[in-house]
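The primary structure of each chain is shown beneath.
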Amino acid sequence: MSSRDKFNIMKIGLLIIATNKYDVFIPPLLKSVKKHFMKNHEVTTFVFTDKEMPNKKGLVSLPHIHEPWPNVTLKRYHVFDKHKKELSEMDYLYYCDVDMLFVSDVGDEILPDKNSTAYVPNEYKGCYFAGGFNGGTSKAFLNMSREIKDRVNKDLENNIIAIWHDESQLNRYLIDNQPKVLSPSYCYPESWDLPFEKKILALDKNHKEIRG
Ligand code: UDP
């Protein structure tokens with residue numbers, strides 16, 4: 001499933017560099033950020049500057065020595081890398097030149113799409129595998145287990161759970177590692193009527209009650 005909880009409040013870091021005479025651009029930019037940038041999220045603006053900054057909520061001022069053109073701009077990523085520990089506490093980071101203004105709302109539409117590691121495009125026409133019974137050589141099975149574990153963890157770090165959980169992950173994995181395909185006989189829903197011999201039944205149950 002490709003999904004971001006729209007109501008999830010994210011920590012957004014906005015990075016601004018303003019040294020030398022460029023500090024004049026800071027106040028109007030900050031005002032416009034407050035009015036228009038990621039209004040549904042928690043925005044922290046990091047200002048790298050050689051000037052004094054007022055103490056304000058959502059504003060972090062980081063001392064930054066001016067370097068003559070073009071180093072001031074060329075080495076901007078050096079600066080961000082230097083502060084990676086603090087910046088990595090944000091969920092998202094955006095950089096903005098200081099001589100800019102937000103004049104209309106800028107929000108979730110700019111966030112990268114967070115696809116699950118189990119993502120399969122709609123156009124995919126292959127089999128869908130039931131997760132209820134599967135296996136193979138112990139080597140292949142354990143390789144798969146490790147890979148799916150890593151993918152589930154990665155998704156969880158990104159606040160994502162694939163729509164059919166482990167089964168979505170299993171399907172993504174088997175698209176890339178084509179297995180021997182068993183018929184529905186081996187995971188036959190108890191009360192269904194399928195044109196297959198019943199070999200292993202998936203028993204009917206009241207999900208809500210039994211999951212409690
Ligand atoms: N900058 C700065 N001090 C300077 C020159 C540049 O802080 O003396 C920073 C500032 O963030 C600016 C960015 O470098 O927005 C890029 O410089 P500039 O806007 O002059 O480049 P342009 O986008 O016009 O090519």
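Preceding this paragraph is the structure being described.
Because the structure is predicted, anything quoted here is derived from the model rather than measured.

What's the story with the overall build of the chain in this structure? I'm lost.
When its secondary structure is counted, the chain shows seven helices and six strands. Taken from the N to the C terminus, the helices and strands of the chain come in the order β-α-β-β-α-α-α-β-α-α-β-β-α. Here the C-alpha radius of gyration of the chain, 26 Å, is well above what a compact globule of 212 residues would show, namely 17 Å. The contacts in the chain between residues at least 6 apart in sequence include a share of 67% that link residues at least 24 apart. Counting only carbon and sulfur atoms, one obtains 55% of the accessible surface of the chain, whose full area is about 14,900 Å². Side chains of the chain carry 30 positive and 29 negative charges; the gap between the two charge centres is 2 Å.

Just to check I follow, could you spell out the packing of aromatic side chains for this structure?
Think of a pair of aromatic rings as described by two things: how far the centres are apart, and how the planes are tilted against each other in angle. Counted by the stated rule, this structure contains six aromatic pairs. Note on Tyr 22 and Phe 25: the rings are 5.7 Å apart at their centroids and 55 degrees apart in plane angle, and the pair reads as tilted. Ring geometry for Tyr 77 and Phe 80: centres 5.7 Å apart, planes at 80 degrees, overall edge-to-face. Of the two residues, Tyr 77 and Phe 80 are both situated in helix H3 (residues 76–82); the distance of three residues between them amounts to about one turn of the helix. Judged by its relative accessible area of 54%, Tyr 77 is exposed. Its relative accessible area of 9% is what places Phe 80 among the buried residues. An aromatic cluster is present here, built from Phe 48, Tyr 77, Phe 80 and Tyr 95 joined pairwise through their rings.

Please clarify how the sheet that holds strand S4 (residues 92–95) should be interpreted in this entry.
Hydrogen bonds along the backbone pair up the strands of a sheet, which may run parallel or antiparallel. Here four strands make up an open sheet; going across it, the order is S3-S2-S1-S4 and the pairing parallel. The strands lining the two open edges of the sheet, one partner per strand, are strand S3 (59–63) and S4. Strand-to-strand twist across the sheet, computed as the mean angle between neighbouring axes with direction ignored, equals 20 degrees.

I'm lost on the site of the ligand in this one. Help?
Inspection of the region around the ligand gives 14 residues, with Ile 17, Thr 19, Tyr 22, Val 98 and Asp 99 positioned closest. One of the backbone N or O atoms of Val 98 is found 3.2 Å from an oxygen atom in the ligand. Note that an oxygen atom of the ligand is positioned 3.1 Å from one of the side-chain N or O atoms of Asp 99. Summarising the interface, the protein chains cover 75% of the accessible area of the ligand, which totals 520 Å² for the free molecule. A breakdown of the residues in the shell around the ligand according to their chemical character gives seven nonpolar, four polar and three charged.

In this structure, what is going on with the side chain of His 41? I would like to understand it.
Within the secondary structure layout, His 41 lies in the loop between helix H1 (26–36) and strand S2 (42–49). Residue classification places His 41 among the buried residues on the basis of a relative accessible area of 10%. Among the polar contacts made by the side chain of His 41, one reaches the main-chain amide nitrogen of Met 10 at a distance of 2.8 Å. Non-local contacts of His 41, meaning those with residues more than four positions away in its chain, are made with Asn 8, Ile 9, Met 10, Ile 12, Asp 108 and Leu 111.

Can you help me understand helix H6 (residues 165–176) in this one?
Every α-helix winds through 3.6 residues per turn, so residues three or four apart in the chain are directed the same way. A rise of 1.5 Å per residue sets the reference length of H6, with its 12 residues, at 16 Å; its end C-alpha atoms lie 18 Å apart and thus fit the reference within 8%. Its buried side turned inward, H6 meets helix H5 (138–157).

Help me understand a nonpolar patch on the surface, please; the structure alone is not making it clear to me.
Taken together, the side chains of Tyr 22, Val 24, Phe 25 and Trp 69 make up a nonpolar region of the molecular surface, amounting to roughly 470 Å² of accessible area. Mapping Phe 25 onto the fold places it in the loop between strand S1 (11–18) and H1. Overall, Phe 25 belongs to the partly exposed group, its relative accessible area being 33%.

Which parts of the structure should I look at to understand the packing of H5 against H6?
The relative placement of two packed helices comes down to the angle between their axes together with the axis-to-axis distance. At a minimum axis distance of 10 Å, the contact between H5 and H6 shows a crossing angle of 125 degrees. Taken as axis vectors, H5 and H6 run oblique relative to one another. In terms of crossing hand, the pair formed by H5 and H6 is right-handed. On the side of H5, the interface is formed by Asn 143, Met 144, Glu 147, Ile 148, Arg 151, Val 152 and Asp 155, while H6 contributes Gln 169, Leu 170, Arg 172, Tyr 173, Leu 174 and Asp 176. Among the residues forming the contact of H5 with H6, the class breakdown is six nonpolar, two polar and five charged.

Definitions and limits used
- Every chain begins its residue count from 1, and numbering advances along the sequence as written.
- Predicted model: local features are reported for residues with pLDDT of at least 70 only, side-chain atom pairs are reported and counted for 80 or more only, and whole-chain, interface and lining totals are derived from all residues.
- To get the side-chain values, all heavy atoms of the structure are used, and hydrogens and water are removed first.
- Put simply, DSSP marks the helices as runs of H or I at least four residues long and the strands as runs of E at least two long, and each gets a number from the N terminus on.
- Here the globule rule is a power law, 2.2 Å times the number of residues to the power 0.38, and the radius of gyration is based on C-alpha atoms.
- Every residue pair with non-hydrogen atoms within 4.5 Å of one another is taken to be in contact.
- A 1.4 Å probe and the Shrake-Rupley method give the accessible areas. Residues count as covered only by the protein chains that appear here.
- Charge assignment in this entry is limited to Lys and Arg as positive and Asp and Glu as negative, and neither His nor the chain termini are counted.
- Here the site of a charge means NZ on Lys, CZ on Arg, CG on Asp, or CD on Glu.
- Think of it this way: a Phe, Tyr or Trp ring, Trp meaning its six-membered ring, pairs with another when their centres are within 6.5 Å, and the plane angle makes it stacked under 30 degrees, edge-to-face over 60, tilted otherwise.
- For each residue, the accessible area found with a 1.4 Å probe, counting protein chains only, is set against the maximum for its type, and the residue is called buried under 20%, exposed over 50%, and partly exposed in between.
- Only when DSSP finds a minimum of two bridges between them are two strands counted as paired.
- Comment: axis = line fitted to C-alpha atoms, over the contacting stretch for helices; angle = value between 0 and 180 degrees taken between N-to-C directions.
- If a single non-hydrogen atom of a residue is within 4 Å of a molecule or strand, that residue counts as near it.
- Under the rule applied, a polar contact is a pair of N or O atoms within 3.5 Å (in protein, one hydrogen donor and one hydrogen acceptor; residues adjacent in sequence only if both atoms are side-chain atoms).
- Three residue categories are used. Nonpolar comprises Ala, Val, Leu, Ile, Met, Phe, Trp, Tyr, Cys and Pro, charged comprises Asp, Glu, Lys and Arg, and polar comprises the others, including Gly.
- Working rule for helices: expected span equals 1.5 Å times residues minus one.
- Patch membership requires more than 30% relative accessible area and the absence of a salt bridge. Residues of like charge join within 9 Å; the nonpolar side chains Val, Leu, Ile, Met, Phe, Trp and Tyr join within 5 Å.
- We count a salt bridge whenever a side-chain nitrogen from Lys or Arg sits within 4 Å of a carboxyl oxygen from Asp or Glu.
- Each angle receives one of four descriptions, namely roughly parallel if under 35 degrees, roughly antiparallel if over 145, roughly perpendicular if within 65 to 115, and oblique otherwise.
- We call a crossing left-handed when the near helix sits turned anticlockwise from the far one by less than a right angle, and right-handed when that turn is clockwise.

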